[in-house]
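Below, each chain spelled out in residue letters.
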Amino acid sequence: MKRIALLGATGSIGRQALEIIEAHPGLELCAAASGSQPVDGLAPLTQAGGDLTDLLERAEPDLVLNAVVGFAGLPATLWALERGVDLALANKESLVAAGELALSAHQRGGGRLIPVDSEHSGAFQCLEGRSADQVHSLVLTASGGPFRGRVRDELDDVTPAAALAHPTWNMGPKITVDSATLANKGLELIEAHFLFDLPYDQIEVVVHPTSVVHALVRFRDGATLAHLGYPDMRVPISYALTYPERSATPIPALDLAGGMTLEFEPPDLETFPLLAHARTAGEQGGTYPCAFNAANEVAVAAFLEGRLPFLGIADVVADALAAADGSAARDLDELIAADEAARRHVEEALKVA
Ligand SMILES: NC(=O)c1ccc[n+]([C@@H]2O[C@H](COP(=O)([O-])OP(=O)(O)OC[C@H]3O[C@@H](n4cnc5c(N)ncnc54)[C@H](OP(=O)(O)O)[C@@H]3O)[C@@H](O)[C@H]2O)c1
């Protein structure tokens, strides 16, 4: 029996994970946590808010599924990696913000780090543990979000409700807005860099509107492997929870004979500059990715609260990156300081605007 601690149990990923765990006789939920919504009765040990590492200490799980949204997921990520407890990681923000610290902890701990993000789960499966030197390049696909095909002038008065209407995925509000701005693909680019030890110039992003192809890996021998499936997060969640097994899920097999066209196009970086800002932040390294993430979190929250227009999200993130000092964080305290500095910068900018 694999004992699972589920963090972010009340969210989109969390609820789908509960479904997978309930249906699988080899998985047992030993702990469940949320930020504030009640989780009583979901698991023998539960916690709403506070320091989730206390819960993890008590629960002694075999695997942590971190489905908390945002930088708040970082302590749990580091807890699992440091102790060698297997980590199924949906909380991409923790790896983006703390890539180097997380990888050092992973090396010391020696547990498994299994991505839950569909693109990274796909890439992980195509790579099957092969080293980076065999890889020509990795391709991450992006749906393009609800505003694909629009130009900047058409995004001036976009409402939160319009940004939350994602064409292919049904997700929590923060990641849905990130998909609309392409910040999500920027976060995923940085996440892929750390997960697969690939330089940024070997990671490409292409827009693929139907989200059937999740990732492709081009190898140095000229072969390309791709991961396909209907866009349903229960597939990568199940894969991460039952790895290295592949358990049955309710998701149907891909129907090709029914007619399926796979279309790809380059991302429009002029209209959606956050993807380019993320790439630059990743290439600059140090705490630039942390600043990118922090500024984006505050900007997205402000947009959802009606305090910032849609196009303002990219503007304030660019501004925060320009103001960031970006020097590498030697420890968690320095990383938290970089995160807080970027958050303060955006809050100040919002007050002035
Ligand atoms: N949804 C997807 O399809 C998808 C796909 C790929 C990756 N991801 C990633 O998975 C993560 C979760 O996404 P989501 O869409 O499931 O988000 P969501 O629906 O907004 O759920 C977020 C979860 O995090 C919890 N939470 C928030 N702040 C917390 C805190 N300070 N401490 C503990 N828990 C906290 C929430 O609890 P409350 O309900 O109490 O606020 C909720 O359970 C994100 O990093 C996202 O990028 C999601």
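Residues numbered from 1 in each chain as written. Predicted model: local features only at pLDDT ≥ 70, side-chain atom pairs only at ≥ 80, totals over all residues. Heavy atoms only, no water.

**So, the site of the ligand**
Basically, it comes down to this: For this description, a residue counts as near a given molecule or strand if any of its non-hydrogen atoms is within 4 Å of it. Under the rule applied, a polar contact is a pair of N or O atoms within 3.5 Å (in protein, one hydrogen donor and one hydrogen acceptor; residues adjacent in sequence only if both atoms are side-chain atoms). Here the accessible surface of atoms and residues is derived via Shrake-Rupley with a 1.4 Å probe, and residues count as covered only by protein chains that are part of the display. Helix and strand definitions here come from DSSP, where helices need a minimum of 4 consecutive H or I residues and strands a minimum of 2 consecutive E residues; each element is numbered from the N-terminal end. Polar here means any residue outside two lists: the nonpolar Ala, Val, Leu, Ile, Met, Phe, Trp, Tyr, Cys and Pro, and the charged Asp, Glu, Lys and Arg; Gly therefore counts as polar. By convention here, the domain bounds are inherited from an automatic or database domain assignment.
The local shell around the ligand holds 25 residues, among which Thr10, Ser36, Gln37, Glu93 and Gly172 are the closest. Contacts to the ligand include Gly35, whose backbone N or O atom sits 2.9 Å from an oxygen atom. Between the ligand and Ala90, the relevant distance is 3.4 Å, taken from an oxygen atom to a main-chain nitrogen or oxygen of the residue. Isolated, the ligand exposes 890 Å² of accessible area, and the fraction of that covered by the protein chains is 85%. Of all the elements in the fold, those that place two or more residues in the shell around the ligand are helix 1 (12-23), helix 4 (92-97) and helix 8 (173-181). The residue makeup of the shell around the ligand, split by class, is twelve nonpolar, ten polar and three charged. Each of domain 1 (2-116) and domain 2 (118-229 + 253-272) contributes no fewer than three residues to the shell around the ligand.

**Quick look at the sheet that holds strand 5 (residues 86-89)**
This is how the line gets drawn: A strand pair is defined by DSSP finding two or more bridges across the two strands. The convention used is that axes are lines fitted to C-alpha atoms, helices contributing only their stretch in contact, and that angles between N-to-C directions extend from 0 to 180 degrees.
If you trace the six strands from one edge of the open sheet to the other, you get 3-2-1-4-5-6, paired in parallel fashion. Unpaired on one side and paired on the other, strand 3 (45-48) and strand 6 (113-115) mark the two borders of the sheet. Looking at each pair of strands side by side, their axes are set apart by 20 degrees on average, direction ignored. In terms of strand pairing, strand 1 (residues 2-7) meets strand 4 (residues 63-66) through four bridges, oriented parallel.

**Considerations on the packing of aromatic side chains**
Short version of the rule: Ring pairs shown here join Phe, Tyr and Trp side chains whose ring centres sit within 6.5 Å, with only the six-membered ring taken for Trp; geometry is labelled stacked below 30 degrees between planes, edge-to-face above 60, and tilted in between. Buried means the residue's accessible area, taken with a 1.4 Å probe over protein chains only, is under 20% of the maximum for its type, while exposed means over 50%, and partly exposed covers the values in between. Geometrically, a charge over a ring is one whose NZ (Lys) or CZ (Arg) sits within 6 Å of the ring centre while staying within 35 degrees of the ring normal.
Under the defined criterion, the tally for this structure stands at five aromatic pairs. Measuring from centroid to centroid gives 6.3 Å for Phe124 and Tyr239, while their planes differ by 75 degrees, and the two rings are edge-to-face. Of this pair, Phe124 sits in helix 6 (residues 118-127) while Tyr239 sits in helix 10 (residues 234-242); the two residues are 115 residues apart in sequence, bridging distant segments of the chain. Tyr239 shares its class with Phe124; the two are buried. Taken together through their ring pairs, the aromatic side chains of Phe124, Tyr239 and Tyr243 make up a single cluster. Lying across the ring of Phe219, Arg130 places its NZ or CZ 5.1 Å from the centre.

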